[in-house]
Amino acid sequence: MNRIEEKLSALREKSEKAFITYITAGLPDMDRCKELVKTMERAGLDILELGVPFSDPVADGPVIQDASYRSIQKGTTLNTTFELVRCLREDGVQLPIVFMMYYNTIVHMGIEKFVECCRETGVDGVIVPDLPMEEQDAMKGALQDRDETILIELVAPVSADRIAQILKGARGFVYCVSAMGVTGQSGQFHSQIRSYLADVRKQSPIPVMMGFGITSPEDITPMMDLIDGAIVGSHFINLMEATEYNLDTAEEYVSSFKQGLKA
């Protein structure tokens, strides 16, 4: 088990749902980004999805696209993001960290080198939305002997005939995209969301997480029996931007959302 699997196993034993947030590395700057992560860990966040900024984030809506652009303008790169994680681990942060990124960034560094950097710095998982099942062999091959870092699979409402194939050998959790299109579509879930999630739940050997368009625990109340946790991205970025990355606001949001999941 790595940190992601250990955390989810512990939550399952307590019958608790997982809460995952997305932030873009390097915002509002590297030092404050580091403090934001520490604050969220103290507030009870279960897993962090850390976005590695990319110039063409095809799966993301305007909020995360803009965040990526501004982070790149501030000089954030894959190497500086690795350094951010290294510093967090040196400071004692044990929060499971998953990179959300695009495949071109990995290929540019070199797959083997990328996987080694994940191991050295303490990156627990990788989500690559533009890497389809049919093209994952090289990535999976590099990861297979490195238990520290795992590839997180995504499924979407159009994946019905491929769920079993996608999740064969999958680890950590499955990221269920709740709507067609890009991130940030607040509350606009797929019309057949319950049947889709039930299908994934039936076939998944690992915990099921729901993401895209979630702002509060109330958004997922109708699906709570079918999922093991929720992922919030664009809404949290908007909240941080509106409050100039106020740490008290971040702590309150994470803490209240986590309590809402327990309720």
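Look up a bit, the structure's there.
With their axes 8 Å apart at the nearest point, helix α2 (residues 30-43) and helix α12 (residues 247-262) run at an angle of 35° to one another. Where α2 crosses over α12, the handedness of that crossing is right-handed. Between α2, through Glu35, Leu36, Thr39, Met40 and Ala43, and α12, the contact on the second element is made entirely by Leu247, Ala250, Glu251, Val254 and Ser255. Counted by class, the contact of α2 with α12 contains six nonpolar, two polar and two charged residues.

Any empty space left between the atoms is revealed when a probe the size of a water molecule rolls over them. Space inside the second largest pocket adds up to approximately 250 Å³. If you trace the second largest pocket, you find 13 residues lining it, with Lys140, Leu143, Leu151, Gly169 and Arg171 closest to the centre. Residue assignment for the lining of the second largest pocket shows that the elements contributing at least two residues are α7 (137-143) and β5 (150-155). When the residues that make up the lining of the second largest pocket are grouped by side-chain class, the tally is five nonpolar, three polar and five charged.

This part covers the pattern of salt bridges. One pass over the full model with this rule turns up 17 salt bridges. A salt bridge links aspartate 46 to lysine 7; its shortest N-O distance comes to 3.9 Å. Here aspartate 46 is found in the loop between α2 and β2 (47-51), whereas its partner lysine 7 is found in helix α1 (residues 3-13), with 39 residues between them in sequence. Given the relative accessible area of 28%, lysine 7 is considered partly exposed. With its nearest N and O atoms 3.1 Å apart, the salt bridge here joins aspartate 228 to arginine 201.

Right, let's talk about the state of the cysteines for a bit. Evaluation of the coordinates by the stated rule reveals zero disulfides. Looking at cysteine 33, it has no disulfide partner, and the nearest cysteine sulfur is the one in cysteine 87, 11 Å off. Cysteine 117 carries a free sulfur, and the closest cysteine sulfur to it, the one in cysteine 118, is 7.3 Å from it.

What counts, and at which threshold
- Residues numbered from 1 in each chain as written.
- Predicted model: local features only at pLDDT ≥ 70, side-chain atom pairs only at ≥ 80, totals over all residues.
- Heavy atoms only, no water.
- Axes fitted to C-alpha atoms, helices over the stretch in contact; angles between N-to-C directions.
- Helix = DSSP H or I, 4+ residues; strand = E, 2+ residues; numbered from the N terminus.
- Left-handed = near helix turned anticlockwise from the far one by under 90°.
- Contact = heavy atoms within 4.5 Å.
- Nonpolar A, V, L, I, M, F, W, Y, C, P; charged D, E, K, R; others polar.
- 1 Å grid on protein atoms, 1.4 Å probe; cavity = no way out; pocket = protein on both sides within 12 Å on 5 of 7 lines; lining within 4 Å.
- Points joined across faces, edges and corners; volume = space filled by probe spheres on them.
- Salt bridge = Lys/Arg side-chain N within 4 Å of Asp/Glu carboxyl O.
- Buried < 20%, exposed > 50% of the residue type's maximum accessible area, 1.4 Å probe, protein only.
- Disulfide = S-S within 2.5 Å.

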